[in-house]
Amino acid sequence: AVQTDTSQVKDINTTLIWQRCSVGQTGSTCAGSPTILSWQSALTAAATAGSSGGFACRVPNNKELLSLVETACYNPAINTSMFPGTASAGYWSSSSFAGYPSYAWIVGFYYGYGYIDDKTFNYYVRLVRSSQ
C-alpha cells in the first residue's frame, strides 16, 4: 500500500517499507534518472538518507529485493504503479556473495533474476526500512 506521503510503499506480505523511487529520482512519479553507485557508495547513500530522513534506511538484502520482482512482468519485472520509473537493470542488494567477499548479489529488473557482480561496479539502488 502506498503510504500517506506517497514516497514510500509498505509491502503487506513482508511488512517492509520501500522507497517508491530509486536513489536519484524524486517526486510521486519518480522523475529524473536513477543514480548508479558502487556497492560501498550504495551503503553510504542509505546511511545518509536515513540520517536526513529521520528513519533508518538501508540497502535491502537479496531475499528482500527479490520479493519486489513481479513475475508477470518484464522490462521492468516490478509493479510499476507502485514503483514508477524503475530501471530495467541491476539493483544492489546488501548481501555479499559467500566465499567471494568482493562480490555482492544484484537483482536484475529486466526479467527479475538474481546474479552476482564485483562490488566496484555500478548499479542502481532502492532503499528499504523495517516497519515500526
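The structure under discussion appears in the preceding block.
Just so it is clear, the model here is predicted, and its values are computed rather than measured.

Quick notes on the rules
- Residues numbered from 1 in each chain as written.
- Predicted model: local features only at pLDDT ≥ 70, side-chain atom pairs only at ≥ 80, totals over all residues.
- Heavy atoms only, no water.
- Helix = DSSP H or I, 4+ residues; strand = E, 2+ residues; numbered from the N terminus.
- Buried < 20%, exposed > 50% of the residue type's maximum accessible area, 1.4 Å probe, protein only.
- Disulfide = S-S within 2.5 Å.
- Phe/Tyr/Trp six-rings, centres within 6.5 Å; stacked < 30°, edge-to-face > 60°.
- Lys NZ or Arg CZ within 6 Å of the ring centre and 35° of its normal.
- Polar contact = N/O pair within 3.5 Å; in protein donor to acceptor, adjacent residues only side chain to side chain.
- Contact = heavy atoms within 4.5 Å.
- Pairing = 2+ DSSP bridges.
- Axes fitted to C-alpha atoms, helices over the stretch in contact; angles between N-to-C directions.
- 1 Å grid on protein atoms, 1.4 Å probe; cavity = no way out; pocket = protein on both sides within 12 Å on 5 of 7 lines; lining within 4 Å.
- Points joined across faces, edges and corners; volume = space filled by probe spheres on them.
- Nonpolar A, V, L, I, M, F, W, Y, C, P; charged D, E, K, R; others polar.

(A) Molecular detail of the environment of T14. Structurally, the position occupied by T14 is in the loop between β1 (8–10) and β2 (16–19). Residue T14 is classed as partly exposed on the basis of its relative accessible area, which comes to 32%. Sequence-wise, T14 and S130 are 116 residues apart; in three dimensions their C-alpha atoms are separated by 9.2 Å.

(B) Geometry of the state of the cysteines. Overall, the coordinates contain one disulfide when judged by the stated rule. Cysteine C57 remains unbridged, with the sulfur of C21 as its closest cysteine sulfur at 12 Å. You can see C73 has no disulfide; the closest cysteine sulfur is in C30, sitting 16 Å from it.

(C) Expanded view of the packing of aromatic side chains. Taken as a whole, this structure holds 11 aromatic pairs when the rule is applied. Centre to centre, the rings of Y113 and Y115 are 5.5 Å apart; their planes meet at 40 degrees, and the pair counts as tilted. Judged by its relative accessible area of 42%, Y113 is partly exposed. By the ring-pair criterion, three or more aromatic residues cluster together here, those being W92, Y113, Y115 and Y123. In this arrangement the basic side chain of K119 is found over the ring face of W39, its NZ or CZ atom lying 3.7 Å from the centre.

(D) Quick peek at the side chain of T86. Relative to the elements of secondary structure, T86 occurs in the loop between α2 (62–66) and β3 (90–97). Side-chain polar atoms of T86 contact the backbone oxygen of F83, separated by 2.8 Å. One polar contact links T86 to R126, side chain to side chain, over a distance of 2.5 Å. Dropping the residues within four chain positions of it, T86 is found in contact with P76, I78, Y91, F109 and R126.

(E) Looking closely at the sheet that holds strand β4 (residues 100–108). Pairing in this open sheet of three strands is antiparallel, and the strands run β3-β4-β5 from one edge to the other. The open sheet is flanked by β3 and β5 (113–118), the only strands paired with a single partner. On average, adjacent strands in this sheet sit at an angle of 35 degrees to one another, irrespective of strand direction. Looking at chain direction, β4 and β5 are connected through six bridges and run antiparallel.

(F) Structural context of the layout of surface pockets. Of the pockets and cavities examined, the largest pocket occupies roughly 280 Å³. In terms of lining residues, the largest pocket is bounded by 16 residues, among which D11, L68, N79, M82 and F83 are the most central. Each residue belonging to the lining of the largest pocket can be placed in one class, and the counts come to nine nonpolar, four polar and three charged. Computed from the structure, the second largest pocket encloses a volume of approximately 200 Å³.

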